[in-house]
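Understanding the architecture of this molecule
The chain contents come next:
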Amino acid sequence: MPELPEVEALAGYLRERAVGRRVDRVEVAAISALKTYDPAPSAAAGREVVAARRHGKFLDVEFAGELHLVVHLARAGWLHYREAFPSAAPLKPGKGPIALRVRLDDGSGFDLTEAGTQKKLAAYLVTDPAQVPGVARLGPDALAADLTTFGARLRGRRGQVKGVLTDQEVLAGVGNAYSDEILHTAKLSPFALTNRLTDEQVATLHEATRQVLGDAVQRSLGQRAAELKGEKRAGLRVHARTGLPCPVCGDTIREVSFADSSLQYCPKCQTGGKPLADRRLSRLVR
């Protein structure tokens, strides 16, 4: 799933390439992806792209005249910028990967695509990003929150730190991958309870959050949209590296699996050398 660094990089790429161009037209190929009907997609035609920014993991493309295309890429969505499109013919609704296309006046533009069968990419055409329910519920930005705000938000939601850190209403922008990286850097168990964290642990976690996200944003700057996924994978130390040696201590990275996700961690770095119970394996043993 694209998280804060990748969405920030996509916004940066659009600022460099699309801002200043005018929209030729917006085409919707996946009707279910567009969550709004007023304003209609045709309302964007002729408007200049004036800004591109990020709200947590939401991408916000702003058009002149107070119109915003706000997108949540979900788990398998992505943005593909095209210098030219293979055909001028409008997209036809169907089962292909393209959900929505924005054509610009110089012949370039971008496609919003989604792989797989679980179509959860969501696009909203609104006059104010706060009209998007997910944006309205966002907590403070994880990269911008100071220590006082970070600590208050974290301790204000009791639970396992992994789950709280990825709760977008607590802190915006962190997902499954970067939460694994942050907790590894902070040397904290993903199952540590937020109400039991010491002040020192909270400060370490705050610094780790800023370091991991900040480094990822810096690595992504200047990358083409097509290169961002590879850049993300190359920078991960524990996430999606089950069975490989930890680059810090050499211990074997382990995994805990859930119904629709998993987490990775280093026992030596994070849990005092003790492996965490894998609920999937526990069910098989029974």
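Residues numbered from 1 in each chain as written. Predicted model: local features only at pLDDT ≥ 70, side-chain atom pairs only at ≥ 80, totals over all residues. Heavy atoms only, no water.

Brief notes about the overall build of the protein chain
Helices and strands together make up the secondary structure of the protein chain, namely nine helices and 10 strands. Over its C-alpha trace the protein chain gives a radius of gyration of 20 Å, about what one expects of a compact globule, namely 19 Å for 286 residues. Taking the principal axes of the C-alpha coordinates as reference, the protein chain spans close to 60 × 40 × 35 Å. The burial tally for the protein chain puts 49% of its 286 residues in the buried class. Across the protein chain, the fraction of contacts at a sequence separation of at least 24, relative to all contacts at a separation of at least 6, is 64%. Of the accessible surface of the protein chain, which amounts to about 13700 Å², a share of 50% is contributed by carbon and sulfur atoms. (Helix = DSSP H or I, 4+ residues; strand = E, 2+ residues; numbered from the N terminus. Rg over C-alpha atoms; globule rule 2.2 N^0.38 Å. Buried < 20%, exposed > 50% of the residue type's maximum accessible area, 1.4 Å probe, protein only. Contact = heavy atoms within 4.5 Å. Areas by Shrake-Rupley, 256 points an atom, 1.4 Å probe, with all protein chains shown as cover.)

Observations regarding the sheet that holds strand β5 (residues 77-82)
Strands in a sheet are paired, the pairing made by backbone hydrogen bonds, and the direction either parallel or antiparallel. The strand order across the open sheet built from four strands is β1-β6-β7-β5, with neighbouring strands paired in antiparallel fashion. Edge positions in the open sheet fall to β1 (23-28) and β5, since each of these has one partner strand only. The average undirected angle you get between the axes of adjacent strands in this sheet is 15°. As paired elements, strand β6 (residues 98-104) and strand β7 (residues 109-114) share five bridges and run antiparallel to each other. (Pairing = 2+ DSSP bridges. Axes fitted to C-alpha atoms, helices over the stretch in contact; angles between N-to-C directions.)

A look at helix α6 (residues 199-220)
For α6, with 22 residues, the first-to-last C-alpha span of 32 Å sits near the 32 Å given by 1.5 Å per residue. Those residues of α6 that fall on the buried side of the exposure criterion are Val 202, Leu 205, His 206, Ala 208, Thr 209, Val 212, Leu 213, Gly 214, Ala 216, Val 217 and Ser 220. Tucked inside the fold, the buried residues of α6 contact α1 (4-17), α3 (147-155), α4 (161-165), α5 (176-186) and α7 (228-235). Following α6 by one or two positions, Gly 222 has its phi on the positive side, about 85°. (Expected span 1.5 Å × (residues − 1).)

Description of the pattern of salt bridges
In this structure the tally under the stated criterion is 21 salt bridges. Asp 180 is the salt-bridge partner of Lys 162, the closest N and O atoms lying 2.7 Å from each other. With Lys 162 in helix α4 and Asp 180 in helix α5, this residue pair connects regions lying 18 residues apart in the sequence. What makes Lys 162 buried here is its relative accessible area of 10%. The exposure class of Asp 180 is buried, given its relative accessible area of 2%. (Salt bridge = Lys/Arg side-chain N within 4 Å of Asp/Glu carboxyl O.)

Some remarks on the pairing of strand β10 (residues 262-265)
Of the two faces of β10, the one holding Ser 262 and Gln 264 and the one holding Leu 263 and Tyr 265 are both buried throughout. Direction of pairing for strand β9 (residues 254-257) relative to β10: antiparallel, over a ladder of four bridges. For Glu 255, the partnering residue across the bridge sits in β10 and is Gln 264.

Section: the sheet that holds strand β3 (residues 58-63)
Strand order in the open sheet made by the four strands is β2-β3-β4-β8, with antiparallel pairing throughout. In this open sheet, the two strands that pair with only one neighbour each are β2 (49-55) and β8 (122-126). Taking each pair of neighbouring strands and ignoring which way they run, the sheet shows an average axis angle of 15°. Inspection of the sheet shows β2 paired to β3 by six bridges, in the antiparallel sense. Its bridge partner lying in β3, Ala 51 is registered against Glu 62. The sheet strands contacting α1 are β2 and β3, and the helix crosses β2 at an angle near 175°.

Here's the deal with the nonpolar core
Judged by nonpolar contacts, the single largest core of 36 residues is most densely connected at Leu 14, Phe 63, Leu 69 and Phe 110. The element contributing the most residues to this core is α1, with six residues. Excluding residues within four positions of it along the chain, Phe 63 makes contact with Val 23, Ala 44, Arg 47, Glu 48, Val 49, Val 50, Leu 69 and Leu 125. One finds Ala 142, Leu 188, Val 202 and Ala 208 within the second-largest nonpolar core, a separate group that totals 25 residues. (Core = buried A, V, L, I, M, F, W, Y, C linked by side-chain atoms within 4.5 Å.)

Geometry only, nothing functional implied.
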